[in-house]
Amino acid sequence: MELAHSDLPRSWTRQLTLADGLYALFIVLATALVEWRLGTFMDGYEHAILFGAGAGLIALGWFWKAWRIFFPVVGGVALLAVNAYHGDLTRGQQTFWLKYLLSSQSSIMWMCTLFFLATGVYWAGTLGRSELLCRMGSWLTWAAATMGAAGMFTRWYESYLIGSDVGHVPVSNLYEVFVLFCLITALMHLYYEARFQARQMGAFVLLVISAAVGFILWYTFDRQAHEIQPLIPALQSWWMKIHVPANFIGYGAFSLAAMLGVAQLLVLGGRLQGRLPSAELLDEVMYKAIAVGFLFFTIATILGAMWAADAWGGYWSWDPKETWALIVWLNYAAWLHMRLVKGLRGKPLAWWAVVGLMVTSFAFVGVNMFLTGLHSYGGL
Amino acid sequence: MKNQRRTTSFKRALFELLSSMRFAIGLLTVLAIASIIGTWIKQNQAYPDYAFEFGQFWFQIFETLGIYDVYHSGWFLTILAFLMLSTTLCIVRNGPGFLKDIRSFRDKASANSLAAMHHTELLDGIADRQAIETRLAAEGFRFKVNEREDGSLLIAAKKGSWNRLGYFFAHIALVVICIGGLLDGNLPLKIAEMTGRVVPETRSLPQSQIPEQSRLSAGNLSFRGNAEIAEGHSADVVFLNAGQGYLVQELPFIISLKKFSVDYYGNGMPKSFISDVVVTDKATGKETAGKIAVNHPMIVDGIAIYQASFGDGGSRLRFKAWNLERPEQAPAEIEGISMNSQPLKANGRDYTLEFSALKVFNVEDMGKAKSTDTSFNQRLKDAREVRHEKQLKNVGPSVSFKLRDTQGQAHEYLQYMSPIRQDDANYLISGMRARVDQPFQYVRLPLDDDFSITTFMRLRAALANPAIYDVVAAKSAEKALQGNAISPEMKQQFAGTVKWVLTLFAQGGFNGLEKFLTEKVPADKRQGVAQTYIKILQGAVIDVMEVANARAGVPALKNDAEHYRFLLDGLVGYSALREYGSPVFLQLSGFEQLQATGLQLTRSPGKNLVYLGSLMMVIGIILMFYVREMRLWVLLSGGTTRIAMSANRHSRDLAPLFSRFVAAVKTTVRGK
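Our subject in this report is the structure included herewith. This one's a predicted model, so the numbers in the text were calculated from it and none came from an experiment. (Residues numbered from 1 in each chain as written. Chains lettered and ligands numbered in written order. Predicted model: local features only at pLDDT ≥ 70, side-chain atom pairs only at ≥ 80, totals over all residues. Heavy atoms only, no water.)

It is worth spelling out the overall build of chain B at this point. Along the backbone of chain B there are 16 helices and 26 strands. On C-alpha atoms alone, chain B measures out to a radius of gyration of 43 Å, which is more than a quarter above the 26 Å that the 2.2 N^0.38 rule sets for 672 residues. Overall, chain B is about 145 × 70 × 55 Å in size when its C-alpha atoms are taken along their principal axes. Expressed as a percentage of the 672 residues in chain B, the buried residues total 45%. Excluding contacts between residues fewer than 6 apart, the proportion of contacts in chain B whose partners are at least 24 apart in sequence is 65%. Counting only carbon and sulfur atoms, one obtains 56% of the accessible surface of chain B, whose full area is about 35100 Å². (Helix = DSSP H or I, 4+ residues; strand = E, 2+ residues; numbered from the N terminus. Rg over C-alpha atoms; globule rule 2.2 N^0.38 Å. Buried < 20%, exposed > 50% of the residue type's maximum accessible area, 1.4 Å probe, protein only. Contact = heavy atoms within 4.5 Å. Areas by Shrake-Rupley, 256 points an atom, 1.4 Å probe, with all protein chains shown as cover.)

Printed below as a string of structure tokens:
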């Protein structure tokens with residue numbers, strides 16, 4: 001009888017270690033610090049978002065152990081940048097560290113470079129069956145994500161240096177959300193590749209990230225879209241802080257799933273034999289990504305509707321962006337029904353996931369390029 | 001009898017079809033495709049725009065298909081209704097079985113079915129029942145022990161039955177959201193329109209004269225309409241778009257706009273739009289004051305009031321009207337109201353003045369349009385900076401208007417009120433275009449030391465006045481003689497030329513001079529003659545100004561480069577005004593701004609249903625994807641222990657979970 005207890009799977013609270021406790025303490029202290037220093041500038045909703053973010057960060061760190069290191073490092077890098085600025089934006093072009101590494105644009109450019117490198121290294125590792133190279137790909141992706149995330153936080157700070165009424169969370173235009181997209185897709189990939197011990201997935205996932213990075217570079221150099229602009233009245237809302245990130249977890253997850261669909265199709269077609277994970281594994285990760293993407297996309301669409309009710313006078317206006325969000329949602333709802341109810345597997349679903357990326361990309365970028373509507377601030 | 005059975009089987013088949021997943025997936029796809037149409041064709045535009053875009057033939061076909069308001073068309077609502085029906089039938093069909101399944105422990109499972117499961121294991125010997133039960137409880141399973149008649153004992157355990165509830169949540173959610181959406185959509189209104197109880201008004205009538213059949217009472221359950229209110233005015237109805245016409249929705253209150261304000265960022269982008277309003281209840285007379293801003297609606301009597309747009313509410317404008325055909329006349333004062341039209345009589349002819357909106361601020365980027373330095377280093381530097389240099393300047397108020405003659409021909413003008421500094425001199429700028437699709441052509445009138453166009457207008461009058469040419473020509477010739485530019489015997493002839501050039505210029509401006517040169521002067525001499533003429537004109541204009549000022553009794557202009565430039569600009573201005581296309585130059589001299597706010601008022605009782613449905617949807621999705629339903633059976637029978645496990649989804653961590661459980665059970669096996 002005693003033996004029956006001995007190898008009982010421990011409940012999640014008892015699986016927590018000292019490191020988990022320290023991490024949680026760190027987040028609690030950081031939240032308290034923000035509340036103490038900046039609390040007077042926040043309204044009730046923003047307080048709720050702050051505490052919600054704190055709780056969410058603790059939960060994420062406990063769920064995904066690597067996050068416990070990633071997030072404090074990102075915070076540290078961003079704080080180094082903040083400290084180097086001394087409240088003066090012009091220092092960004094004068095101080096060595098800011099100019100070449102820490103200012104938001106330098107960080108984001110580093111992110112772009114590291115993502116390109118990671119893509120190459122992942123492919124080299126996958127084609128050459130080198131575990132070492134694949135591991136390097138992971139590290140480069142981690143480094144890119146760190147620079148990207150720190151860059152976003154720094155950009156948030158810089159926006160306040162431009163003007164106290166200009167400052168806002170950097171998820172307000174197409175440039176900023178593209179960086180967010182790269183970041184979220186990369187982080188989701190890093191989670192899955194560790195969870196399923198399948199680093200070769202990086203060769204495919206990093207392709208879609210590289211495409212987004214290519215867009216960021218064009219958008220920066222050709223269109224100067226990285227310039228921080230003040231918010232138009234419609235965007236001045238705390239809803240933005242939760243609606244946009246939730247949406248991009250959805251977009252990121254769907255893109256990741258589509259790239260794994262491509263990998264799965266290659267495996268099923270007998271290509272890259274022995275260099276990629278099994279089709280079953282790819283299928284399972286693809287399903288998991290779509291499930292999590294669907295959940296967050298649903299939440300994001302609902303949050304969007306609630307925001308629209310505040311800003312536009314109606315929770316649903318059949319605006320092109322809204323309509324395309326519905327189309328994306330219907331598409332993945334159908335996908336999930338086929339898999340879960342009909343038990344469909346393999347090629348058809350993999351193809352469908354790839355087509356899903358087209359639909360998702362159109363909802364994400366195409367609508368802004370070709371259609372006009374209430375979401376026009378995301379325009380190209 | 002037979003017939004009846006056929007009917008029953010047909011009903012059955014229909015039920016099967018409508019509640020099937022095949023049908024549901026088909027509907028989802030059709031819905032998705034139908035939705036795309038409305039994103040490609042702009043919805044709810046004015047009908048003439050569509051007719052223009054598609055041509056009469058397609059316009060009518062598209063109108064019949066309801067393409068201009070896809071999401072409220074009959075066929076689209078039918079698809080939605082079918083989706084609701086299909087989902088409801090799906091729940092009806094699968095619900096009872098699911099509910100039974102949730103409650104059941106499946107304790108009737110046979111030894112054979114357990115052996116056929118994906119995760120199954122047969123152990124020799126009988127495991128300890130007590131230990132198994134303790135273990136199951138510790139792992140969070142609920143279980144039922146079934147001692148069967150044949151002496152065997154089955155422990156049936158389950159965990160995560162909530163998963164199945166997720167199905168109910170998500171699918172009922174969809175129906176709830178659709179009901180909420182249909183409540184708020186214009187479905188009841190559509191029905192009223194179809195039965196002829198409500199008829200949209202297509203004429204443009206004063207609000208009070210709109211007939212009863214186009215009015216909706218304040219008790220209307222759901223609506224969304226717009227009201228435009230100028231400062232100091234109020235509204236007690238809103239207008240709803242209805243196909244080719246509109247409807248009037250009565251409100252239970254009167255909404256008055258005290259003040260509308262717009263705030264700007266440093267770079268000229270609008271920062272906030274705020275309407276300061278008072279809402280007075282019609283029944284009780286109770287007043288509620290409040291501010292409405294974007295993202296901050298005001299809610300009164302269940303009606304939400306939103307800041308939707310803004311505009312000019314009819315500002316008073318004051319102009320100095322300079323009669324261009326009688327330049328010697330002093331300007332007349334005229335008044336107008338923006339967004340309105342009024343008659344204008346000039347030199348015996350009738351015109352209509354149609355004013356557009358008054359713009360109080362015009363922020364322009366005066367800096368370099370785009371970085372001219374395209375070197376790699378410069379681009380890298382640009383990419384590093386999140387703030388770019390701009391030279392923003394507010395060039396002040398402007399108003400545009402059309403001047404239409406009795407034939408209906410119109411020119412459009414854009415008048416700036418403040419002096420605008422360009423190339424180190426001050427100008428009054430006016431834009432003109434003969435067609436709306438053309439860009440404005442700008443006329444720059446030079447300003448004198450008092451920032452006024454009076455001096456320019458005096459110069460213009462003098463230039464157009466042949467009576468002074470003799471005096472001017474004599475002065476110019478005298479000066480030329482003193483400057484040894486001509487010999488005494490040439491003086492008479494020179495004076496004649498000055499007079500000739502002045503006459504030519506006064507009648508045709510620079511274009512007139514050019515026309516004369518091309519028509520009358522041989523090509524090889526043309527450039528030389530042109531230069532002479534220009535030189536003469538540039539000299540004579542000084543004398544024209546002197547004579548004009550002396551006659552008006554004002555001091556002469558200073559004799560310096562700045563004022564010489566003023567005179568040259570005056571020639572350009574004179575020439576440009578000849579092609580101005582208007583008998584008067586209306587100089588904006590003052591205004592009293594009256595702003596208007598565009599409010600959107602909605603009553604949407606379905607909103608809370610939609611939110612409830614959304615919450616259920618999220619809960620349902622979480623339950624379905626993240627709660628795993630697991631069942632475990634331990635069958636103790638005939639000296640063996642059969643362990644089997646099933647889950648609603650295959651996942652790679654199930655196998656280790658199962659083997660760990662088997663190993664734990666193994667340790668308690670007795671009687672080998």
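Text resumes after the structure shown.
A word on the interface of chain A and chain B. In this complex, chain A contributes 80 residues to the contact, which on the side of chain B involves 67 residues. Note on chain A versus chain B: buried area summed over both sides is about 6300 Å², and carbon and sulfur give 64% of it. Here chain A is connected to chain B by one salt bridge. Between Asp165(A) and Lys271(B) there is a salt bridge; the shortest N-O distance is 2.9 Å. Linking chain A with chain B are 17 residue pairs in polar contact (both at pLDDT 80 or more). The set of elements that each furnish at least two residues to the side of chain A that touches chain B consists of α1 (2–6), α5 (96–102), α6 (104–127), α7 (131–162), α9 (201–221), α11 (279–311), α12 (320–340) and α13 (347–370) of chain A. The biggest single contributor to the side of chain A that touches chain B is α11(A), with 17 residues. Among the residues making up the side of chain A that touches chain B, the classes are represented as 49 nonpolar, 20 polar and eleven charged. (Buried area = accessible area lost by both parts, 1.4 Å probe. Salt bridge = Lys/Arg side-chain N within 4 Å of Asp/Glu carboxyl O. Polar contact = N/O pair within 3.5 Å; in protein donor to acceptor, adjacent residues only side chain to side chain. Nonpolar A, V, L, I, M, F, W, Y, C, P; charged D, E, K, R; others polar.)

Once that is clear, we can look at helix α3 (residues 47–65) of chain B. Here α3(B) is 19 residues long, yet its end C-alpha atoms lie only 14 Å apart, well below the 27 Å a rise of 1.5 Å per residue gives. Among the residues making up α3(B), those that are buried are Tyr47(B), Tyr50(B), Phe59(B) and Phe62(B). (Expected span 1.5 Å × (residues − 1).)

Bringing the sheet that holds strand β12 (residues 316–323) of chain B into the picture now. Residues and elements named next belong to chain B. Pairing in this open sheet of three strands is antiparallel, and the strands run β13-β12-β23 from one edge to the other. Of all strands in the sheet, those bounded by a partner on one side alone are β13 (332–337) and β23 (584–592). The sheet shows a mean angle of 30 degrees between the axes of neighbouring strands, direction not considered. Here β12 pairs with β13 via six bridges, running antiparallel. Note that in β13 the partner of Phe319 across the bridge is Ile334. (Pairing = 2+ DSSP bridges. Axes fitted to C-alpha atoms, helices over the stretch in contact; angles between N-to-C directions.)

This part takes up the packing of helix α12 (residues 491–520) of chain B against helix α14 (residues 561–577) of chain B. Residue and element names in this part refer to chain B. Remark: α12 packs on α14, axes separated minimally by 8 Å, with the N-to-C direction vectors making an angle of 90 degrees. One finds that α12 runs roughly perpendicular with respect to α14. Within the contact between the two elements, α12 uses Phe505, Ala506, Gly509, Phe510 and Asn511 and α14 uses Leu571, Val572, Tyr574 and Ser575. Residues that form the contact of α12 with α14 fall into these classes: six nonpolar, three polar and no charged. (Parallel < 35°, antiparallel > 145°, perpendicular 65-115°, else oblique.)

What follows is about unusual backbone geometry. The phi torsion at Gln224(A) lies on the positive side, around 50 degrees, for a residue other than glycine. For Gln224(A), the location among the structural elements is in the loop between α9 and α10 (239–268).

All names here are of chain B. Read from one edge to the other, the open sheet built from five strands follows the order β1-β26-β25-β3-β2, with strand pairing classed as antiparallel. Edge positions in the sheet fall to β1 (119–124) and β2 (142–147), since each has one partner strand and no second. Looking at each pair of strands side by side, their axes are set apart by 10 degrees on average, direction ignored. On top of the sheet, helix α6 (residues 129–138) reaches β2, β3 (153–159) and β25 (630–637); it is set at about 155 degrees to β2, its chief contact.

Residues and elements named next belong to chain B. Looking at the secondary structure, you find Gly125 in the loop between β1 and α6. Accessibility expressed as a relative area gives 3% for Gly125, which makes it buried. Along the sequence, Gly125 and Val669 sit 544 residues apart, while their C-alpha atoms lie 5.7 Å from each other.

What follows concerns a nonpolar patch on the surface. Residues and elements named next belong to chain B. Residues Phe57, Trp58, Ile61, Leu65 and Trp75 make up a contiguous nonpolar surface patch of roughly 490 Å² in combined accessible area. Top contributing element to the nonpolar patch by residue count: α3, with four residues. Relative to the assigned elements, Ile61 resides in helix α3. (Patch = residues over 30% accessible without salt bridge, like charges linked within 9 Å, V, L, I, M, F, W, Y side chains within 5 Å.)

Time to look at the pairing of β3(B). Residues and elements named next belong to chain B. Counting buried residues along β3, six of its seven residues qualify, which places the element largely inside the surrounding structure. By the bridge criterion, six bridges tie β2 to β3 in an arrangement that is antiparallel. For Glu147, the partnering residue across the bridge sits in β3 and is Leu153. The antiparallel hairpin formed by β2 and β3 contains five residues in its connecting segment, where Gly151 sits at a positive phi of about 90 degrees. Across seven bridges, the pairing between β3 and β25 is antiparallel. Looking across to β25, one finds that Lys159 is bridged to Met630.

Take the environment of Gln93(A) next. Tracing the backbone shows Gln93(A) in the loop between α4 (67–85) and α5. Along the backbone, Gln93(A) and Ser103(A) are ten residues apart, and their C-alpha atoms lie at a distance of 8.7 Å. The residues touching Gln93(A), leaving out its near neighbours within four places in the chain, are Lys99(A), Arg384(B) and Glu385(B). Here the side chain of Gln93(A) touches Arg384(B) through a polar contact of 3.2 Å, side chain to side chain.

With that settled, the discussion passes to the packing of aromatic side chains. All names here are of chain B. One pass over the structure, following the stated rule, counts 69 aromatic pairs over all chains. On the basis of an interplanar angle of 20 degrees and a centroid distance of 5.6 Å, the ring pair of Phe260 and Phe310 is categorised as stacked. Taken as a pair, Phe260 in strand β7 (residues 245–264) and Phe310 in strand β11 (residues 303–312) lie far apart in primary sequence, 50 residues in all. The exposure class of Phe310 is partly exposed, given its relative accessible area of 41%. Seen in terms of ring centroids, Phe505 and Phe510 are 5.0 Å apart; in terms of plane orientation they differ by 70 degrees. Their pairing is edge-to-face. (Phe/Tyr/Trp six-rings, centres within 6.5 Å; stacked < 30°, edge-to-face > 60°.)

Here we come to the pattern of salt bridges. All names here are of chain A. Using the criterion set out here, one finds 42 salt bridges over all chains in the structure. Among the salt bridges present, the one from Glu46 reaches Lys241, with a minimum N-O distance of 3.1 Å. Of the two residues, Glu46 sits in helix α3 (residues 44–63) while Lys241 sits in helix α10, which places them 195 residues apart along the sequence. Between Arg135 and Glu131 there is a salt bridge, with the nearest N and O atoms lying 3.9 Å from each other. Taken together, the positions of Arg135 and Glu131, both in helix α7 and four residues apart, correspond to about one turn of that helix. Glu131 gets classed as partly exposed once you look at its relative accessible area, which sits at 41%.

For the rest of this paragraph, the subject is the packing of helix α8 (residues 174–195) of chain A against α13(A). Residue and element names in this part refer to chain A. Packing of α8 against α13 brings their axes to within 12 Å, and their N-to-C directions diverge by 165 degrees. Compared by their axis directions, α8 and α13 come out roughly antiparallel. As α8 runs across α13, the sense of the crossing is left-handed. On α13, the residues touching Leu174, Val177, Phe178 and Phe181 of α8 are Phe364, Val365 and Asn368. (Left-handed = near helix turned anticlockwise from the far one by under 90°.)

Further remarks concern the nonpolar core. Residues and elements named next belong to chain A. Among the nonpolar cores identified, the biggest contains 168 residues, and Met111, Phe115, Tyr192, Ile209, Phe248, Ile290 and Phe364 are the most heavily contacted of them. Per-element accounting of this core gives the leading share, 19 residues, to α11. In contact with Tyr192, other than residues within four places in its own chain, are Gln197, Met201, Leu256, Val285, Lys288, Ala289 and Val292. (Core = buried A, V, L, I, M, F, W, Y, C linked by side-chain atoms within 4.5 Å.)

Attention now moves to helix α13 (residues 523–552) of chain B. Residue and element names in this part refer to chain B. Spanning 30 residues, α13 covers 42 Å between terminal C-alpha atoms, matching the ideal 44 Å at 1.5 Å per step. Of the positions making up α13, those classed as buried are Tyr533, Ile536, Leu537, Ala540, Val541, Asp543, Val544, Met545, Val547, Ala548 and Asn549. Buried residues along α13 sit in contact with α10 (454–463), α11 (469–482), α12 and α14. Just downstream of α13, Gly553 is the residue with a positive phi angle, here 75 degrees.

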